[in-house]
Amino acid sequence: MERNELFSIVDLILNNSNDGDIDVIMEAIKRRAKGRNSGNFRGINPERLAKESAAVLNSQMSYSVDGVRKMIQDFAVGIIQKEAPELDESQIQDLLDSWIPDPSKRKVKKNSDPLPSDVQLTMIRQLLAFSVGTMSASEQTELYNNIPDWQREYWNRLSEGIRDILTLFLKGSIDEETCWSQVYSVLELD
């Protein structure tokens, strides 16, 4: 808009408007100024728009993942019924749960078979050495090659009591001597 046009519009508004019109115009100007200060651009709040778009995409992705999972399950059921008609519904469902698990129903595996104390001790030493930065590069490489997600695997195999002790040590709440003393106590080693 050219400057002369703008002045003409302002002149028209100021000279031909009553007090009510001016109040409405002032409120519109305040909203516009407030919008600029709050991240709005021409009446659009990019932050709100981004959050709403992300929510829509997330729900669509969730739906499509569930849809693909359902399609694969239906396909598997068709093959099972064709190739093994002697299986009943519960057996088919057991196979589906095993082959195509539902991530939302994934059960957390408890330490049903505790590892021997010496194995746990080695795992604890390796976790702590890695966490405090004293593990050699060759040992790290070997662990990653043998068990790509070794830290999580080790952590999940340790008892909650051992994990609590290690957490306290890594947060600096207990010293190294206390940590090992408690670890040996929990593992019933002397």
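Everything here concerns the structure above.
Values in this document were obtained by computation on a predicted structure and should not be read as measured data.

Observations regarding the side chain of Gln-73
Following the sequence through the fold, Gln-73 ends up in helix 3 (residues 46-83). With residues near it in sequence (within four places) discarded, Gln-73 still touches Leu-96 and Ile-100.

Considerations on unusual backbone geometry
Of note, Glu-188 is a non-glycine position whose phi angle comes to about 55°, a positive value. Relative to the assigned elements, Glu-188 resides in the segment after helix 9 (176-186).

What about a nonpolar patch on the surface?
On the surface, a cluster of nonpolar side chains totalling about 270 Å² of accessible area is made up of Leu-6, Val-10 and Leu-14. Within the secondary structure, Leu-14 sits in helix 1 (residues 3-16). Of the residues examined, Leu-14 reaches a relative accessible area of 57% and is grouped as exposed.

Some thoughts on helix 8 (residues 160-170)
The periodicity of an α-helix, 3.6 residues per turn, causes residues three or four positions apart to be oriented the same way. Within the span of helix 8, buried status applies to Ile-162, Arg-163, Ile-165, Leu-166 and Phe-169. Down the axis of helix 8, the buried set is contained in an arc of 160°. They therefore lie on one face. Following helix 8 by one or two positions, Gly-172 has its phi on the positive side, about 85°.

Focus on the packing of helix 5 (residues 117-132) against helix 8
Relative to each other, helix 5 and helix 8 sit at 25°, their axes nearing to 12 Å. With respect to their mutual orientation, helix 5 and helix 8 come out roughly parallel. Here helix 5 runs over helix 8; the crossing is right-handed. Residues Ile-124, Leu-128, Ser-131 and Val-132 of helix 5 lie in contact with helix 8, whose contacting residues are Ile-162, Leu-166, Phe-169 and Leu-170. Its residues placed into classes, the contact of helix 5 with helix 8 shows 7 nonpolar, 1 polar and no charged.

A word on the side chain of Gln-126
Mapped onto the secondary structure, Gln-126 falls in helix 5. The exposure class assigned to Gln-126 is buried, which follows from its relative accessible area of 13%. Side-chain polar atoms of Gln-126 contact the side chain of Tyr-154, separated by 2.8 Å. If sequence neighbours within four positions are ignored, Gln-126 has contacts with Met-135, Glu-139, Leu-143, Trp-150 and Tyr-154.

So, the nonpolar core
With 20 residues, the main nonpolar core has Ile-124, Leu-128, Leu-158, Ile-162, Leu-166, Cys-179 and Val-183 as its most contacted residues. Every element with two or more residues in this core is listed here: helix 5, helix 7 (150-157), helix 8 and helix 9. When residues in this core are grouped by element, the largest group, 6 residues, is from helix 5. Counting 6 residues, the second-largest nonpolar core is a separate cluster that includes Ala-76, Val-77, Ile-92 and Ile-100.

Basis of the calculations
- Residues numbered from 1 in each chain as written.
- Predicted model: local features only at pLDDT ≥ 70, side-chain atom pairs only at ≥ 80, totals over all residues.
- Heavy atoms only, no water.
- Helix = DSSP H or I, 4+ residues; strand = E, 2+ residues; numbered from the N terminus.
- Contact = heavy atoms within 4.5 Å.
- Patch = residues over 30% accessible without salt bridge, like charges linked within 9 Å, V, L, I, M, F, W, Y side chains within 5 Å.
- Areas by Shrake-Rupley, 256 points an atom, 1.4 Å probe, with all protein chains shown as cover.
- Salt bridge = Lys/Arg side-chain N within 4 Å of Asp/Glu carboxyl O.
- Buried < 20%, exposed > 50% of the residue type's maximum accessible area, 1.4 Å probe, protein only.
- Arc of directions from axis to C-beta.
- Axes fitted to C-alpha atoms, helices over the stretch in contact; angles between N-to-C directions.
- Parallel < 35°, antiparallel > 145°, perpendicular 65-115°, else oblique.
- Left-handed = near helix turned anticlockwise from the far one by under 90°.
- Nonpolar A, V, L, I, M, F, W, Y, C, P; charged D, E, K, R; others polar.
- Polar contact = N/O pair within 3.5 Å; in protein donor to acceptor, adjacent residues only side chain to side chain.
- Core = buried A, V, L, I, M, F, W, Y, C linked by side-chain atoms within 4.5 Å.

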